[in-house]
Amino acid sequence: MSKILNTRPKADAFRMPGEHEPQDQIWMAWPVRRDNWRHKGLYAQKEFINVASAISKFTPVTFIVGPNEFEQARQAIPDNINLIEIPSDDSWMRDIGGTYVINNNGERRAINWQFNAWGGELDGLYDNWELDNEVAQKMAEATGDDFYDAPLILEGGSIHVDGEGTLYTTEECLLHPSRNPNLSKAEIENLLKDYLNVETIIWLKQGLYNDETNGHIDNILHLVRPGVVALTYCDDPEDPQYAISQAAYKVLSQAKDAKGRSLEVIKLPMPEPLYVAPEEAQGLAPSNSMERQAGERLAASYANFLISNQGVIFPLLDPKQDDEAKAILQKAFPDHNVIGVPTRNILLGGGNIHCITQQVPTKS
């Protein structure tokens, strides 16, 4: 039986490992929310399955599914992928799942952050997130790990760590008034240091243009390994992403990580601007918060990939740029199998491969 811990990971000598470190499994959540996934999630479900199947070549995958959809999901999802009955409000496992920490004695624990649907009453994407807020604890119970309740509203997609003391994030998200308005930047940093056991925090000003998560780090940058990051880079001065990427590159080029290393910054291309097509704005339940209108620019990025053991699973977004993105990632990960998966319908929901997955690290 999992129990709530009253201490903090750093004091207990636990740390969050980097995504490049060994993993026991990847968790995902079945997409059914009708105001986010068109036609009851039918199109998105197919892509979620394709992502899960690609990951399962390297790492076991577990889906959480609500009780009303369990039988439908079991029939659709391949038998080699595990299902567990846990309800959720939507399917962004990176943000609602537990963040895991490990120590050097072969022990593992989870962190249950507070979740408010990316903004709560100020600019959240839906009105009720009670089920989402219960997922991390239920996940920890399923993996058999004790857990910490962190006094911080935070989504997993808003942080990257290298496992060696460095954390990457954005001011746009973590300092947004819809998250923790009563905490100062220094107070937020201290909580991140206490719960993730990091020493150095590298802040980018903004995330990807038009990202409805208020600029999650995982949609503009991915940590390749300690000292090496991949950044979504824009060469077009007329594109609103240009100034954001240039500013991020400048910060990263001047930064040093917790080990005193200067960073190697790998430039990832951007897909050509992608927009919601008229037919893609159909088949959705009405929503007061989520914009799914024809002509809206999508927050598309090749940085939103997943590292899982010997695999790198990345989104196929634009036939003109997909091959270049794969070549760059293969060079960055010479010992990994880099697999592209079409994810247009996941993107239409507001995120991509990294957003819909959450890793459970191997106990060291």
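Look above for the structure.
Residues numbered from 1 in each chain as written. Predicted model: local features only at pLDDT ≥ 70, side-chain atom pairs only at ≥ 80, totals over all residues. Heavy atoms only, no water.

1. Some words on helix H8 (residues 240-254)
The periodicity of an α-helix, 3.6 residues per turn, causes residues three or four positions apart to be oriented the same way.
1) Next: Among the residues making up H8, those that are buried are Gln241, Ile244, Ser245, Ala248 and Leu252. Relative to the axis of H8, the buried residues are bounded by an arc of 95° and lie together on one face. Set apart from the buried face of H8 by more than 90 degrees, the exposed residues are Ala243, Lys250 and Gln254.
2) Next: In this fold, the buried residues of H8 make contact with strand E9 (166-170), strand E10 (200-204), strand E11 (221-225), strand E12 (228-232) and strand E13 (264-268).
3) Next: A side-chain oxygen of the first residue of H8 lies 2.8 Å from the backbone nitrogen of Gln241; this N-cap is Asp239. (Buried < 20%, exposed > 50% of the residue type's maximum accessible area, 1.4 Å probe, protein only. Helix = DSSP H or I, 4+ residues; strand = E, 2+ residues; numbered from the N terminus. Arc of directions from axis to C-beta. Contact = heavy atoms within 4.5 Å. Polar contact = N/O pair within 3.5 Å; in protein donor to acceptor, adjacent residues only side chain to side chain.)

2. Thoughts on helix H5 (residues 132-143)
1) Next: Between its first and last C-alpha, H5 extends 17 Å over twelve residues, near the 16 Å set by a 1.5 Å rise per residue.
2) Next: Within the sequence span of H5, burial applies to Asp132, Val135, Ala136, Met139, Ala140 and Thr143. Seen end-on, H5 carries its buried residues on one side only, within an arc spanning 125°.
3) Next: Within two residues after H5, Gly144 carries a phi angle of roughly 75°, on the positive side. (Expected span 1.5 Å × (residues − 1).)

3. A few points about the sheet that holds E10
Picture the strands of a sheet paired through backbone hydrogen bonds; they go either parallel or antiparallel.
1) Next: One open sheet accounts for three strands, arranged E8-E9-E10; its pairing is mixed. The open sheet has two edge strands with one neighbour each: strand E8 (160-161) and E10.
2) Next: For E8 and E9, the ladder comprises two bridges, and the chain directions are antiparallel. Each residue of the ladder has a partner; that of Val161, found in E9, is Leu167.
3) Next: Packed on one face of the sheet, helix H7 (residues 185-196) meets E8, E9 and E10 and runs near 130° to E10.
4) Next: Of the strands in this sheet, E9 and E10 are in contact with H8, which crosses E10 at around 155°. (Pairing = 2+ DSSP bridges. Axes fitted to C-alpha atoms, helices over the stretch in contact; angles between N-to-C directions.)

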